[in-house]
Every structure is written in structure tokens, then in C-alpha cells.
Amino acid sequence: MTSDAWHEKVKAASSAHAKPKGTTFAYGTAGFRTKASLLDSVVFRVGLLAALRSKKLHGQVIGVMITASHNPAEDNGVKIVDPQGDMMEQSWEAYATALANAQDDDAVIHALQHVVERHKIDIEAVEANVIYAVDTRPSSKSLAVALKDGLNALDASSKDFGLKTTPQLHYLVRCVNTENTPASYGEPTEKGYYEKLAAAFHALMKGKPRASKVYVDSANGVGAPKLREFKRVLGDDVLSLEIVNDDIDDPAKLNRDCGADFVKTQQRQPLSSSAPAGARCASFDGDADRLVYYYTDPSGDGKDGKFHLLDGDKIATLAAMFLKDLIAQCGLDINVGVVQTAYANGSSTSYLEKTLGVPVTCTPTGVKHLHHAAQRFDVGVYFEANGHGTVLFSHSTLALLQAHEAQSPAQQSALDALRALVDLINQTVGDALSDLLLVEVILANKGWGLDEWDGCYKDLPNRLVRVVVADPTIYKTTDAERKLISPPGIQDKIDELCSKYKETRVFVRPSGTEPCVRVYAEARERAEVDGISMTVAGMLQ
């Protein structure tokens, strides 16, 4: 296809997907995300860029996921997944933003031509290959049509995988690209995904007692039907799961008063929860890439039904502890590190560094930042406090685990466990299902309940406040988003406020997914946190 030919074909297709006037888009930490009614042109153009990305990478398969994760049902979003199942290379985000904001069909061609020339892409020589999936939102199907139009405009070969969780799509991308190679990641089907996790879980739970029932809140999202399908593959002999908030037929219920984001930000159970006091509870978010655990104390023990949240920080410390112990039992020289963001509770950082002796790195918020930082460790554990995270094993570590010969039955048992963990953990992206299984394995192996896990360290009281502002883009940060440099003067006021209290930390950052800024505060006492967070929120209004 000559340049004139593809220009004309793209322009003709683009004319049916005009950009809404007066709207500016930005490819953020999770791709594009806004009101679904504004996204038709954006998703069409993502199809174009995904095709170019595949051509640039010699025809490797690129993924596209249509979802808005924990956002309300009227929102939607779209993001591009690179061949190994990780986020699209950061340098290409500017191309996505420029393309989404092209004002007319000619500007679309100009933006595409810039990418073609910059990367010397031969449009004719390489066929593009793209797979895509959607979540349960009513707008997802029509947006998938727009995506397909963009892919067809550049003659990309594509496959619609239909309804999937976000981590399933990431898994599938990596599997398709590594199929029939020494680095094969698994069978590139949904069934293959379930069977890989189930086999690893059974291996790790062999000889362990069946755990208590887990009440899993699926946020009335795609995690509900997928968890139900996984249960059929796993069986009930090693794990009992009761799925709640599983109504995907009423779009208005998606993420409403339930799900991981609600539980984390409100620090309470979903409003519809019927789980008894003391029960083991977990929440996914709308696209099943976040996980948090929680429980309430039984009444009559002097604690009056206190709510306990075990968030991404707690999961990270639990995983790091278990992995470090197994590696030590094997006698291997493998370093374990943890990556956090500014949202991590200060107590978790202190526990990791001072009690466990695990190095901690802090990065800006966003999976792409944590994922890349975790790759610097032999075994990198990364979790955001919101419950999104996973564990990465370096290529050299994987080779060492396969080649190592145990010197005792105890070493062999630890080595087998590490090898099974490699399969249990979805290393492409945070995966609520995979992470839930990881938590259950660790608790079973340690003989712990949620109270023993929670007792490893005590969180400093904290609060996260969402503040709607006229223009979130004016808020600029530094020091891994822990310091505000614009607008000028606000950070000085925050520092002065914090100096009046002990063990106090506050930061302000613009959201990468919503039109707002967020204020995070932690301090020694709950009353202090509430007052500090609202005072800082008032500075921004």
C-alpha cells in the first residue's frame, strides 16, 4: 500500500470518527480515560497507533484493552499493551496524545506520518497484528467497533477476545508472542490462563489444610463471571470462594459503593456486604487488576467490630517476607526488593527496611514506573497501596531456579515452591485473581489468619481526599510525587502545617485518570489526619 493509498484509506475511515470539539485528551498512567461519550475518535486512533506499533516491532502482537477500571459505568478508557504484556513504551505515549488531539482528518495523517518517518516504519512490508478485549461497560462494544475501524484502516490483522479482565488480556498478549519459543509463557487462551493458575495453586497447597471461605467482592464487574469460570477449573477442595457484588447486568452498579477502590478510600466494607464479622473478605476493582483484603472484629471482644484493611502495602510485605524466606531456605544468592509509591504507608516502608531487611524504592504513581523499577531486582515486588501490583522474576533468576539442585529435602521443598510461584504470579501486570491466590498460598504455608498477617505492623492513620479543581494540570510534583512545586507557595504551607505534628506526611498530586487532585495525609493520630487532610484540601480550592 503506497503512502497515498494508506493516507486516503485512513482519511476516509477517520471521517466517521470525528474528534469532539473543545476536548483535550492525554494518555495517562492507564491510557486514555474519560466519559465514554467522548471516546469514539480516541479509540479509533488508538487502533491506528496500535497497528503502527506492531509494524515498528516487526509484526509482534500488540494488545488493546477497552476499560475504565475502577471508574463509574459512564466512563470508559483504552490502553495499548506491548508484546511482553507490559505497558506501551513510555516514549510512544506522546504519539498517542498527539494523535488523539489531532483536530481533523488531515491532522490525523500528519500525526501518523510523523511516527512512520521517525521510526522508519515500512507500511507495506510488515503486517500489523493486534488482539483486543473489553470489560462489561455498555459503551465497550461500540468503542470496540471504532477500534476495529482504526485497525482495518491500516490493514492490521486482528482478533477480538471479547469479554476479559485487564490482566487476562495482558497475559494473552505475552502468550501469543512467546508461543512455541523457549520463553513460552503459557497457552494463549482464557482456559490456558485458568489452568496455569490452578495447577500452580494446587502444587503450592499440597498437604495444607483448606483455608477459610473468602468472600470476594467483584465490584459488579468483569471479575465476577471470570472468577466463576476459574472456580470450575480449580474445584472446591483447596479453596472456598463466595462471589458477592456480581451483578454485571445492571451497568449502574459497576464499582458503586463496592470494589477495591471504594474499600480502600472509604476504609469500610462494601455497603452491600453480608459477610459475617471475622470473615475473610477481599475486593477486586471493576476490571480485576486490583485486590485488597479486609475483615471486621467480632463484637463482644472489646473491639466493637473494628474494620481492618489489608491493602497493597500489606500484600507487598507479605509477599516479600515469604519470597525472602524461601530463597534463604534454598541457599540461593537472590536479592528481593520492593517498589512503592508515595501512597505507601510509612509503617510499611519502615517494616520492610528495618524488620525484613528488604530494600525499598519509591517511584511516581503508575504501573509503568513501578514495573520498570521492579525489573532492577532479581525478584521485584511492586504494589501500589490501592492494591495493584505483582512480582517480577528476572531472566537470570528464572534460569537459576531451573538449574539449581537442592541439597536436602527442605531445600527441594522450598525450590519447588519458588518454581510454582513463578507460574502462579501473573508477571505481566497486577492481577486480582493471581494476587488473591498468592495471598492464600502464603497464609496457608505460614498457618496464619488475617489477624496474624495484619499484626506484622500497624499502619499510621491515613486519609486520601479527592479534591475537584478547575485545572489539575497546573499541579506539578517532584521527588517521586512527594513534593509540590506548582502552584508556588502551597508546599511551604504544607511543610509548615506538618511541622506542628509528629510522624506526619502529606502530599498532593494530580490524578492521572480523573479531573481532580488527591491529598494523602498520614499522622500518629486519626483526629490529626482528618484535620490535616481537610486543611490541605482547603488550600487547593
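Residues numbered from 1 in each chain as written. Predicted model: local features only at pLDDT ≥ 70, side-chain atom pairs only at ≥ 80, totals over all residues. Heavy atoms only, no water.

**Remarks on the pattern of salt bridges**
We count it as follows: Each reported salt bridge corresponds to a side-chain nitrogen of Lys or Arg within 4 Å of a carboxyl oxygen of Asp or Glu. The secondary structure listing takes helices from DSSP runs of H or I that are at least 4 residues long and strands from runs of E that are at least 2 residues long, numbered from the N terminus. Exposure classes here rest on a 1.4 Å probe applied to the protein chains alone. A residue is buried below 20% of its type maximum, exposed above 50%, and partly exposed in between.
Tallied over the full model, the rule gives 27 salt bridges. A salt bridge links Asp530 to Arg463, with the shortest nitrogen-to-oxygen separation between them at 3.6 Å. Here the residue Asp530 occupies a position in helix α18 (residues 526–539), and Arg463 occupies one in strand β15 (residues 462–467), the gap between them amounting to 67 residues. On the basis of relative accessible area, Asp530 is assigned to the partly exposed category, the value being 27%. Here Arg463 falls in the partly exposed class, since its relative accessible area comes to 32%.

**Some points on helix α10 (residues 312–330)**
The test is simple: Given the number of residues in a helix, its expected span is that number minus one, multiplied by 1.5 Å. The definition of a polar contact used here is a pair of N or O atoms within 3.5 Å, where within protein one atom must be able to donate a hydrogen and the other to accept one, and adjacent residues in sequence count solely through side-chain atom pairs.
Helix length check: α10, at 19 residues, gives a terminal C-alpha distance of 27 Å against a target of 27 Å (1.5 Å per residue), a fit within 8%. When you tally the buried positions in α10, you get 15 out of 19 residues, the bulk of the element. You can read the cap of α10 off the contacts: a side-chain oxygen lies 3.1 Å from the backbone nitrogen of Asp313, and it is on Asp311. Of the residues one or two after α10, Gly331 is the one with positive phi, at around 70 degrees.

**Some remarks on the nonpolar core**
Here is the rule: To form a nonpolar core, buried Ala, Val, Leu, Ile, Met, Phe, Trp, Tyr and Cys residues must be joined to one another through side-chain atoms within 4.5 Å. Working rule for contacts: check all heavy atoms of both residues, and any pair within 4.5 Å makes them a contact.
Core analysis: the largest hydrophobic core is formed by 84 residues, its most contacted members being Tyr293, Leu421 and Leu436. It is α10 that provides the largest number of residues to this core, a total of eleven residues. Apart from residues lying up to four places away in sequence, Leu436 is in contact with Val214, Val216, Leu239, Leu241, Ala282, Phe284, Leu291 and Tyr293. The next biggest cluster of nonpolar side chains, apart from the first, holds 49 residues, and it includes Val42, Phe44, Val115 and Val130.

**As for the packing of α10 against helix α11 (residues 346–355)**
Basically, it comes down to this: Between the N-to-C directions of two axes lies an angle of 0 to 180 degrees, each axis being a line fitted to C-alpha atoms and, for a helix, fitted only over the stretch in contact. For this classification, under 35 degrees means roughly parallel, over 145 means roughly antiparallel, 65 to 115 means roughly perpendicular, and everything else is oblique. We call Asp, Glu, Lys and Arg charged. Ala, Val, Leu, Ile, Met, Phe, Trp, Tyr, Cys and Pro are nonpolar, and the rest, Gly among them, are polar.
The N-to-C vectors of α10 and α11 enclose an angle of 10 degrees; their axes lie 10 Å apart at closest approach. Overall, the two elements α10 and α11 adopt an arrangement that is roughly parallel. Of the residues in α11, those touching α10 at Asp313, Thr317, Ala320 and Met321 are Ser348, Tyr351 and Leu352. For the contact of α10 with α11, a count of residues per class yields four nonpolar, two polar and one charged.

**Describing the packing of aromatic side chains**
Note the following rule: For Phe, Tyr and Trp, rings pair up if their centres lie within 6.5 Å, where Trp contributes its six-membered ring, and each pair is then called stacked (planes under 30 degrees apart), edge-to-face (over 60) or tilted (otherwise).
A complete count under the given rule lists twelve aromatic pairs for this structure. A centroid spacing of 5.1 Å and a plane angle of 85 degrees characterise the contact between Tyr27 and Phe32, whose relative ring orientation is edge-to-face. For the pair shown, Tyr27 and Phe32 are each scored as buried. Where Tyr171 meets Tyr193, the ring centres are 5.2 Å apart and the plane angle is 70 degrees; that geometry is what we call edge-to-face.

**Describing α11**
Helical geometry note: an α-helix holds 3.6 residues per turn, so side chains three or four residues apart project in the same direction. The criterion, for reference: In this description, the arc belongs to the directions extending from the helix axis to the C-beta atoms.
Looking only at α11, the buried set comprises Ser347, Ser348, Tyr351 and Leu352. Seen from one end, α11 has its buried residues packed into an arc of 135 degrees, which puts them on one side. Contacts from the buried residues of α11 go to α10, β11 (336–340) and β12 (360–362). N-cap assignment for α11: the residue whose side-chain oxygen lies 3.0 Å from the backbone N of Ser347 is Asn345. Just downstream of α11, Gly357 is the residue with a positive phi angle, here 70 degrees.

**Let's talk about the sheet that holds strand β4 (residues 129–134)**
Quick reminder of the rule: Strand pairing is assigned whenever DSSP identifies at least 2 bridges connecting the two strands.
Ordered in space as β1-β3-β2-β4-β5, the five strands form an open sheet in which the pairing is mixed. Single-partner strands in this sheet number two, and they are β1 (32–35) and β5 (157–163). Averaged over all pairs of adjacent strands, the angle between strand axes in this sheet comes to 15 degrees, irrespective of strand direction.

**A look at the sheet that holds strand β18 (residues 505–510)**
Read from one edge of the open sheet, three strands run β15-β19-β18, paired in antiparallel fashion. The outermost strands of the open sheet, each flanked by one partner alone, are β15 and β18. On average, adjacent strands in this sheet sit at an angle of 15 degrees to one another, irrespective of strand direction. As judged from the six bridges shared by β18 and strand β19 (residues 517–522), these two strands associate in the antiparallel manner.

**Observations concerning the environment of His372**
Within the element layout of this structure, His372 appears in helix α12 (residues 367–374). Along the backbone, His372 and Tyr294 are 78 residues apart, and their C-alpha atoms lie at a distance of 29 Å. Of note is the side chain of His372, whose polar atom sits 3.1 Å from the backbone oxygen of Lys368.

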